[in-house]
Amino acid sequence: MAQDSGTRTLISSAQLTRGRGRVIYWTLLAVVVVVFTLVFIGPLYWMVTGALKSGQEIAQTPPSLFPKDPQPQNYVDAWQNLDLAKLLFNTFYYATGAVLFQLVLDTAAAYSLSKLRPIFGNAILGLMLATLMIPAMVLIVPQYVTVIDVPILHLNLLDSPFAIWLPLVANAFNIFLLKRFFDSIPEDLMAAAFVDGATPLRTLWSIILPMSRPILGVVSIFAVTAVWKDFLWPKLVMPSPDTRTVSVGIYAFAGGTPMNVVIAASVIAAIPTVVIFLIFQRNIMSGLTTGSLKG
């Protein structure tokens, strides 16, 4: 019986059934899994346990693997001294606005490029994707100059949430993801909707968006994490203590705050994104893979 080409792997099933081949395979697999687990989980473990250590213990060399005298009070001090409630609220507010702007504008752009096919649409998409080749640091100066004096309107957007929202709207990567997903939606559905008299906007709202929940979830997660982890741009455009994000706020207080308290604040700041990923990880994976499959 011929072996199905779709089931071929680097190691044949015959080699896996042999004693030595099976041992080598499972040993290598276990080593790879353990190494990569330590690489990704190790920093998180150090951060969580470091927040429970005293100042002397966290500075000692070599570092201790477990806290000798756990101090949960460090988390309380971080919450109160750094005013994390205010910083987390600001960051959540900016992240929510970024999600809404990207869902509306990036979805509209991807829908027009995928289904409406405007003139020079491919050229426009190509120019959008070309911006992904430009390092983000190169764009900092022109973006900052634009924010402090918006062309035509001559508005200063410093300490305004629009200084964070507007640069995130034109996200070429998200537009490309959405377009690829919309391309996988059969044209027969679009034709049936037009025959029934649906306008392009009605088709987008009633047909495309309900089918696109996985990829919309992915774009939302990307928007939230982009705001949550960003540091340099919020530091430039949000100089006031009342408008700082959590990453900028922790950095501002780090100079006169014990290191263990700063680490505890970092743990608290990381919890929302970790929880969001754990809850929506299935949606993220399905959204990333569904758009690559054409039915």
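Note that this is a predicted model, so its numbers are computed, not measured. (Residues numbered from 1 in each chain as written. Predicted model: local features only at pLDDT ≥ 70, side-chain atom pairs only at ≥ 80, totals over all residues. Heavy atoms only, no water.)

1. Section: the packing of helix α5 (residues 84-116) against helix α11 (residues 200-211)
And step 1. Relative orientation of the contacting elements α5 and α11 amounts to 100°, with a least axis distance of 12 Å. One way to sum up the angle between α5 and α11 is to call them roughly perpendicular. Between α5 and α11, the residues in contact are T107, Y111 and L116 and P200, T203, L204, I208 and L209, respectively.
And step 2. Split by residue class, the contact of α5 with α11 holds six nonpolar, two polar and no charged. (Axes fitted to C-alpha atoms, helices over the stretch in contact; angles between N-to-C directions. Helix = DSSP H or I, 4+ residues; strand = E, 2+ residues; numbered from the N terminus. Parallel < 35°, antiparallel > 145°, perpendicular 65-115°, else oblique. Contact = heavy atoms within 4.5 Å. Nonpolar A, V, L, I, M, F, W, Y, C, P; charged D, E, K, R; others polar.)

2. Some words on the pattern of salt bridges
And step 1. Under the defined criterion, the tally for this structure stands at three salt bridges.
And step 2. Between E187 and R117 there is a salt bridge whose closest N-O contact spans 3.3 Å. Residue E187 is located in helix α10 (residues 187-195), and its partner R117 is located in the loop between α5 and α6 (121-130); the two are separated by 70 residues in the primary sequence.
And step 3. Its relative accessible area of 37% is what places E187 among the partly exposed residues.
And step 4. According to the relative accessible area criterion, R117 is exposed, its value standing at 53%.
And step 5. In this structure, the salt-bridge partner of D183 is K179, at a minimum N-O distance of 2.9 Å. Here the residue D183 and the residue K179 both occupy positions in helix α9 (residues 172-183), the gap between them amounting to four residues, near one helical turn. Taken individually, D183 and K179 each receive the classification buried, so the pair is uniform in this respect.
And step 6. Among the charged side chains, a salt-bridge network with shared partners connects K115, R117 and E187. (Salt bridge = Lys/Arg side-chain N within 4 Å of Asp/Glu carboxyl O. Buried < 20%, exposed > 50% of the residue type's maximum accessible area, 1.4 Å probe, protein only.)

3. With respect to the side chain of N260
And step 1. Along the chain, N260 turns up in helix α15 (residues 259-290).
And step 2. Among the residues examined, N260 registers a relative accessible area of 5% and is labelled buried.

4. Comments concerning the packing of aromatic side chains
And step 1. All told, the structure shown has nine aromatic pairs when counted by the stated rule.
And step 2. Seen in terms of ring centroids, F162 and W165 are 5.2 Å apart; in terms of plane orientation they differ by 80°. Their pairing is edge-to-face. With F162 and W165 both in helix α8 (residues 162-169), this residue pair falls three residues apart, about one helical turn.
And step 3. Given the relative accessible area of 38%, F162 is considered partly exposed.
And step 4. Ring plane angle 75° and centroid distance 5.1 Å describe the contact between F231 and Y251, whose orientation is recorded as edge-to-face. Residue F231 is found in the loop between α12 (213-229) and α13 (232-237), and its partner Y251 is found in helix α14 (residues 246-254); the two are separated by 20 residues along the sequence. (Phe/Tyr/Trp six-rings, centres within 6.5 Å; stacked < 30°, edge-to-face > 60°.)

5. Points about α8
And step 1. Every buried residue of α8 is listed here: A163, I164, W165, L168 and V169.
And step 2. Buried positions along α8 lie against α5, α7 (136-148), α12 and α13.

6. Some points on the nonpolar core
And step 1. Membership of the largest hydrophobic core comes to 37 residues, with the highest contact counts inside it found for L84, I164, V227, V237, V246 and I250.
And step 2. Among the elements of the structure, α5, α7, α8, α12, α13, α14 and α15 are those that each provide at least two residues to this core.
And step 3. Beyond its immediate sequence surroundings of up to four residues, I164 is in contact with Y94, V227, W233, P234, V237, M238 and T245.
And step 4. Counting residues in hydrophobic clusters, the runner-up holds 19 residues, among them L178, L209, I215 and L216. (Core = buried A, V, L, I, M, F, W, Y, C linked by side-chain atoms within 4.5 Å.)

7. Regarding the layout of surface pockets
And step 1. Taken as a whole, the largest pocket holds about 1000 Å³ of empty space.
And step 2. Secondary structure elements with two or more residues in the lining of the largest pocket: α7, α8, α9, α12 and α13.
And step 3. The leading source of residues in the lining of the largest pocket is α12, at six residues.
And step 4. Of the residues assigned to the lining of the largest pocket, the class counts are 21 nonpolar, six polar and two charged.
And step 5. Taken as a whole, the second largest pocket holds about 250 Å³ of empty space.
And step 6. What lines the second largest pocket is T225, W228, K229, V246, S247, I250, Y251, S266, A269, A270 and T273. (1 Å grid on protein atoms, 1.4 Å probe; cavity = no way out; pocket = protein on both sides within 12 Å on 5 of 7 lines; lining within 4 Å. Points joined across faces, edges and corners; volume = space filled by probe spheres on them.)

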